Structures are given as structure tokens and as C-alpha cells.
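Below, each chain spelled out in residue letters.
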Amino acid sequence: MLTLLDQLDKGTLWRSPGGIHPPEVKFLSNTTPISQLPLAQEYLIPVPQVGENCTLAVKVGDKVLKGAPLTQGTSIWHLPVHAPTSGTVVAIEPRASNHASALPVNTCVIAADGEDRWCELTPGSIELSNHEMIAKIHGAGIAGMGGAAFPSHIKLNPVSEIELVIINGVECEPYISADDRLMREYSQDILAGIGIIHRLLAPKRIVIAIEDNKPEAIKAMQQAVSQSTLPAGSTRVTAIPTKYPSGGEKQLIQIITGREVPSGAIPAKLGIVVHNVGTAFAIHQAVTQGKPLIERVVTVTGQNVGKPGNYWLPIGTPVKHVLKHTEFNAEADQKVIIGGPMMGHALPTIQVPILKGTNCILVPSSQEIGTTPEEKACIRCGECANACPALLLPQQLFWHAKAEEYDKAASYNLKDCIECGCCSYVCPSDIPLVEYYRIAKSALKQAADEKHQAERAKLRFEARIQRLEEEKLAREAKAKEAAARRQATMTSTDKNAVAEAMARIAAKKAAAAETTANNAPVEVVAADASSTEAPKGKAAVAAAIARAKAKKAAAAQGADDAEPSKQAVSSEQTASSKPSEPTELSESLSQKDKVAAAIARAKAKKAALKADSDANGDNGIATDNTDKPATETTANAEVDDKKAKVAAAVARAKAKKAAAQQAESSDVTEVQPEQVTDAKPELTNESNDESGNESDSATDLSTPLSPEDEKKAKIAAAVARAKAKKAAAQQAESSEVAEVLPEQAADAKPDSNNESGNGSDSATDLSAPLCPEDEKKAKVAAAVARAKAKKAAAQQAESSDVAEVQPELVADAKPELTNEPDSESDSQSGDKSSSVAEPSAPLSPEAEKKAKVAAAVARAKAKKAAREANAISDANE
């Protein structure tokens, strides 16, 4: 059985799958020798062109010589670029790229000076070591000239042993003839380059493969081989059948050796390396002459070019300059294609440079390449699969690429597609299959790059966390070492001093905590947001004072019941009679505070009775010993139990806090029974306009008020009304209070007597109809009053009765109270203060009588509310 080498010597060829036979148009350009074009005014050199990122070795304004390196790098994958001519660097900026997208890339723009002067070159020889040769090839920036532009120095330094080197001169594209003309004219130089490759790789065989449609090139290369210094029998020229794409690396290996390169592998794993004839020529110039890769042969062809042919074009020459000097005749919708018609791409703009991998500029007419046909639906004919040289399934790849299912497309070996265009060429539905595959490849590459970046970021993050942890441990260890050293050097006296300092610090902390605990305010029970806002200004201060005084008065209620005609007791005596209550204060109340407390208690009592009557569904108020019919009232809404409980809790907390903050307390004197009846109707009306203040008990006034006290009582009454309205505005519920006709007010006296004697459930009639706002305030006041009355009941030692009010005095006081203003605006604002400005004139005798009556009525109502609150307290607590 013949070995591979024997088969190579005999010229045995294998058939490659797929492929097509497009019409050849090489005759347009292969009949004339390679020529030169005039220098362009400026050259565009993209940086980097091939390989990884690099740094610029020049800056704007620098003068460069032909062949001078423009970039430098340390990576093995970096390929430097060189100045194609002498001139000045005028710009380093993004310019359009030689790509179908024309995306901008960083470009070094050189303005040619026309001298085309070379930099100093360092020629070499065949005597150089392999390492020196590879370094020269690397420094010259040589890449694959067949179109892939893979760094050649990497191919020339493989890790595995190479048995076969294939020099690719197939050039299967229908229009391109650059390699054909190069082999015809520079065959000796190509063989010199092949000799360097043989020196570096030491293969057993070298095969120069050329398509049989290039007889002149075959003959020229055979003559060069016969004249070369290569070992006899090691190199041969093999003509292969013309078929596209026989020039592909994997396809050519399969034709020459019959072996198939595995998916994802490189030919070097099979011991095979493939180089282009143009690459061999560039290697020869780099090693022997020291010239970098700054120019290459490019085919300019197409029916719209006046001078088609092959030209030596410096790298970076604008395509526009080339077309200008080859008599380009543009048509409407003219296409300019870089590469051949099968694998090339159309340019969006012709102001782009020639690159190291550019081998053709095709300018076809409309007869050569018509307009792009409309894409039609796939008919599943299978022609694309038959034409695929890589034995893929183009139909499946198309479906997944169109659906953007790139992972599934990759599972069908999308990466093995060489983008030859055979499938698109044979497709009867005119589907641009290669375009779909390119998009899918780009998406997969981007996803892979993002994944790689994410992995690198994760590694950096983990390394940072580890570094921070190590630094933390190092600091802790250092601190422990320092503490140990200090401990070791510390004497007993120092230790005692440290212990004493620590003890003092602990004592100070304990004292501060104790002080904070002693100064902490009394906890206030939280209620709904609509009902927890405290009164502000003078109204808040006055309300707190009134609550404190009322609480103190409740403690003295027992003594008032035993001695109804006794004068007011001093604050010192009250304090001595209640030594067990820590919240009572020893200072006496002023007359103003006494009157305010009495009025507040009257309001609370009245509101409590009225709310109780509404809750029980009473529609009328009973009258005793009178001929007048009872007035019917209607309750439109009931007090919400939950809000009543919350209000009660708030009232109790506020009363406790106010009592602790007051600096004085005293008893309120009793009012004679005959004076009470004169002002009861007045208080009845006032209680409907004002919300109930927090008061716990009532006391009697026993002596007439002085003019000063009368003024204070008048002011306190106004303040109480303002505070009641303020509290009512903060409540969230509304209710209505039944209206009572004015003429029925006189009938309320017997009912009032019943209230003080046996706790009747009926309430006194109102002297005038109430507006809706006042009715709502009275309803709210009732809920608050019940809670306050419960508190008063808990603090009272015993219950007391209040003298009956004479019915004939009720009517006398009713008209005056009806005409009094509802509130005074001055009492609703201002700073928190315990005093209110006095009026400019003393009170009238009627006003004095009203204040006395207010105190008596307040006591009666407070007692009644206390009884009724007992039942409520069971539910609330």
C-alpha cells in the first residue's frame, strides 16, 4: 500500500465534495504585466490591521520614511504596520474601514511628500538562525496574502512536526489573477521564499498547487523549482482541476492528501501547513532584503474599468485613488466590490484603504452583476446542501440564523462555514444565505466576548475580595502584636491606671443612662394620624393647665360633698389631705384656672350625656312637672367605638403628662345652688359649640368672684371654647346633634335635678338650633368626654351630689349665652404659655353669674359622666 508521500510523488489527487463552476473572467486582467500607479496624496493606514491592540510609535506632525514602523507591541499576536511612503503624519483619527459596514477605525493619515524615500533597511541571509528569521518575518508584519491575513510567523513556528507544506497558487475566484501574474513574473523570488519556509519547517514534501486554468504560471513555477537549491524530489508543482472553491485551505488539503481537517481543528494537527504564493514572496523580501510588507499585488478588474490589470499598491492607498487612475466609469447604483464576486463585499464608500488581505477591486457593469433579486421563500430543494464544500446543512443553518437561534445554528457547525457563497449561487429562491451566516457568526462572537469579559471580571472581583480579606487579617494580626508588645512593656502601675480609667468611663455611662431614664417624658399612646395632633400655642398650654386643675379638683370632691357651704380650701391643705398621690402639686390654682376647669367639666358632662342618649336611640328628651311637649331629636350618626377608645387613651395620657408638668394645684370653690341655675342654659349652648377638654372632676365655687377673677374667668371660657373647636377639627368622624327649640329650655330644670340626684339618662335642652359644624363638634366632644369621665371616676374617692338648679334662673341666663361668640381667634395661636391676656374691661354681673353657674354645672355633669364611664371602662380596658 502506498504511503501519503508516495501518492504525493505520483501526483495522486482526491475529489473534494461540493463546489461550483462559475464563468471565468480572468482574461480581463491577466493579459498585462503587473504595473505601478502614481503615489496618492495621502495614505490611510488603519492601526492595528492584524493581531491584537498595539501602541502608536508616531504622533501627529512626525515625518516618516517609507518602511518605518508606525506601531509597536509586545504580544506574539501583534503585527506592526509600516509607512507605505515617506511623508508627514497629519492626523490620527477614526476613518471608515474597508468593510461592508464601513465602521470607523483608528487610522493614521500620512500626507505623501512625493519623494518615496526608504528608511534604513537591514538585509539578511539564509545563514540566519531560525529564531532570527522568524523575528524578521514578525517585524515585517507579514500576514496571509490569500485573504485570511493570518500572522505568518505563527504558522512558521508550530508546536508539532510538519510533514507537508502546500503552497497555494490555486486562486479559484473567477475574476482574480493577482497570484497568476505574480507566479509568472516572480517565480524565482517565490521559490526563494519557499526555501526559507523549508528551512524553518523542514517538511518532507512541498507541493505547489495551481489550477489547471493557469498554464503559464504552472510552467514558470516548474522552471523555478528545477533551478532552485531545494533538495531534489522534495518539491513539486501539482495542477488541480478547476473548480470553485478549490483554493480554500481545508478543501485544498482534501484534494492533495485526501484527508479532512476535523471541525474546530487546524491543519497543523495533521502535520500540514498551507501558505499563499504571495506570502512566500513577502517572506523572501523580509528575510533577504529587510523590506516590510508595505505593498501587494491587487487585481483591478470589471467592465467599468478602463485599464483593468494587476497593480503594485501600497498598503493604505485609498480605493478612490486606484479607480481614478484606472479610468473608472461609474454607472447609476454602481457597486465597488472588494474581493471576488463570490466571497467579496460591496463598499459603502470608496474612501477606504487597501489592506494586507485585499487582493481584488471589482467594478462590474450592470450586465455582469445585475441588481439584487428579491428574496423568496425556501422551496427545500436541497441544492445548497449539494453545493456546500464543507458538507454542512445550509438549509438548517438558514432557518436558525433567520430565527436568531444562534446557539442551534452553532450546533450545526456554523463555524466551519468558509463563506464561499456556493449555496447562495445555486439557490433558486435568491436567498442571500451567506449574509445570514455572517450575521449569526458575528452574534456568536459577540456573545463569546461578553462571556469572556464577564469571567475575567469575576476573577478580578474574587481576587479583590481575597486581597481585602488578607489585608484585614494582616491589620488585625499587626494590631494584636502591637497590643501584646504594649502589654508586655506595661508595669503594674500602668495596669492599675488603665483599670481605673475604664471604671470611670463605665460609671459615667451608667450615670448618663440613669439621667436619661429619669428625664424621659411620659409615654403617650399613639392613635390615628387624624386624631393624634396636639393643640399648639396658647390653646395647648391652657388645655394642659385645665386638665391638671381638674384632676386636682377631683381629689377634693369628697370634702366638697361633706361640707357644701365651706369656702375654697387652700392648695397646702389639699396637698396634706392627699399625700399618697405623687402627681399632685402644692401650689394653689388661680381663679382663672378654677373657672376654666369648671367650664371644661360642664362641657364634658353635657357631651357625655348627649352621646349616651344618641347611643341608646332616644329620640326625645323627657321633661318632668311641665305641660310643654318634649322636643323630638334625631341622631344621624353614632360615635365610632374604636375612635372613642383611642380618644380615651389619648385623653388619659395627656392628662397624666399635663399633671406632671404643672407647678401649681388647688381646689375650686363651690358656687351656691341658687346661682347655678342662672347660667346653666348658657353653658348648655357653649358646650354644643366647643369640644370637651380633658377634666376629671368638679368642685363648687362658694364665694362671689372679684373683678380680676371675673376677667380671668371670661378669658378662660373663651380659651376653652377655642381649644374645643381645635380639638373637634382634628377628629375624623362626624355626627349630628338634635336641635332643641328655645322655648323648651325652661323645661330642662327638673331634668337637671334628676341628673344630679339619680343619674337620669336624659340631657338638658339646647337653647338655640345648632349649625352642622357645631353638631359635629358636640358629637366628637361626647366621645372624648366619656373617656375623661372614666379617668375622673377612677381618681375620685367618693361621688358627690350637686345642688339642684332652680328652673326660673335657667331662662334668665339663656339669652346672654346665646349671643356670646363661639370662639376667640387669639386663643388658637401663639407660643405655649400658661397665661392669657386679660380683657380691657371688667366682667358684668351677668358674666360673673355665668362663670359661677359653669362651675356648678361642670360638677354635676362630671359626676354623671363618671357613672356612665364605669360601663365604658370595662370595654376599653
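Above this text is the structure in question.
Residues numbered from 1 in each chain as written. Predicted model: local features only at pLDDT ≥ 70, side-chain atom pairs only at ≥ 80, totals over all residues. Heavy atoms only, no water.

Chemist: Requested: an account of the overall build of the chain, with residues and values cited.
Modeler: Helices and strands together make up the secondary structure of the chain, namely 27 helices and 16 strands. The buried share among the 877 residues of the chain stands at 49%. For the chain, long-range pairs separated by at least 24 residues make up 81% of all intrachain contacts whose partners lie at least 6 apart in sequence. Counting only carbon and sulfur atoms, one obtains 52% of the accessible surface of the chain, whose full area is about 40600 Å². (Helix = DSSP H or I, 4+ residues; strand = E, 2+ residues; numbered from the N terminus. Buried < 20%, exposed > 50% of the residue type's maximum accessible area, 1.4 Å probe, protein only. Contact = heavy atoms within 4.5 Å. Areas by Shrake-Rupley, 256 points an atom, 1.4 Å probe, with all protein chains shown as cover.)

Chemist: Could you give an account of the packing of helix α5 (residues 187–201) against helix α6 (residues 215–227), with specific residues and numbers?
Modeler: The interhelical angle for the contact between α5 and α6, taken along N-to-C directions, is 55°, at an axis separation of 9 Å. When the axes of α5 and α6 are compared, the pair comes out oblique. Here α5 runs over α6; the crossing is right-handed. Residues Ser187, Gln188, Ile190 and Leu191 of α5 touch α6, and the partners they reach there are Ala220, Met221, Ala224, Val225 and Gln227. Here the residues of the contact of α5 with α6 sort into six nonpolar, three polar and no charged. (Axes fitted to C-alpha atoms, helices over the stretch in contact; angles between N-to-C directions. Parallel < 35°, antiparallel > 145°, perpendicular 65-115°, else oblique. Left-handed = near helix turned anticlockwise from the far one by under 90°. Nonpolar A, V, L, I, M, F, W, Y, C, P; charged D, E, K, R; others polar.)

Chemist: Hey, could you go over the pairing of strand β10 (residues 235–240) for me, with residue numbers and the actual values?
Modeler: Bridging between strand β9 (residues 205–211) and β10 involves six bridges; their strand directions are parallel. Bridging from a neighbouring strand, Val207 pairs with Arg236 of β10. Considered for its hand, the β-α-β crossover made up of β9, α6 and β10 is right-handed. (Pairing = 2+ DSSP bridges. Right-handed = clockwise from strand over helix to strand, strands pointing away.)

Chemist: Residue-level account of helix α7 (residues 249–257), with values.
Modeler: Burial analysis of α7 places seven of its nine residues in the buried class, which makes it a mostly covered element. For α7, the set of buried residues is Gln251, Leu252, Ile253, Gln254, Ile255, Ile256 and Thr257. Summarising the contacts, the buried residues of α7 are in contact with α1 (4–10), β8 (164–169), β9, β10 and β11 (272–276). Positive phi shows up at Gly258, right after α7, with a value of about 80°.

Chemist: With reference to specific residues and values, describe the nonpolar core.
Modeler: Counting 50 residues, the largest nonpolar core has Ile190, Ile194 and Ile208 as the members making the most contacts within it. Secondary structure elements with two or more residues in this core: α2 (130–139), β8, α4 (178–185), α5, β9, α6, α8 (277–289) and β16 (360–362). Once you skip the residues sitting within four places of it in the chain, Ile194 turns out to touch Ile167, Ile206, Ile208, Leu230 and Ala280. (Core = buried A, V, L, I, M, F, W, Y, C linked by side-chain atoms within 4.5 Å.)

Chemist: Please give an account of the sheet that holds β8 that cites residues and values.
Modeler: Pairing is parallel across the open sheet formed by four strands, whose spatial order is β10-β9-β8-β11. The open sheet has two free edges, formed respectively by β10 and β11, since each of these has just one partner strand. Neighbour to neighbour, the strand axes of the sheet diverge by 25° on average, direction disregarded.

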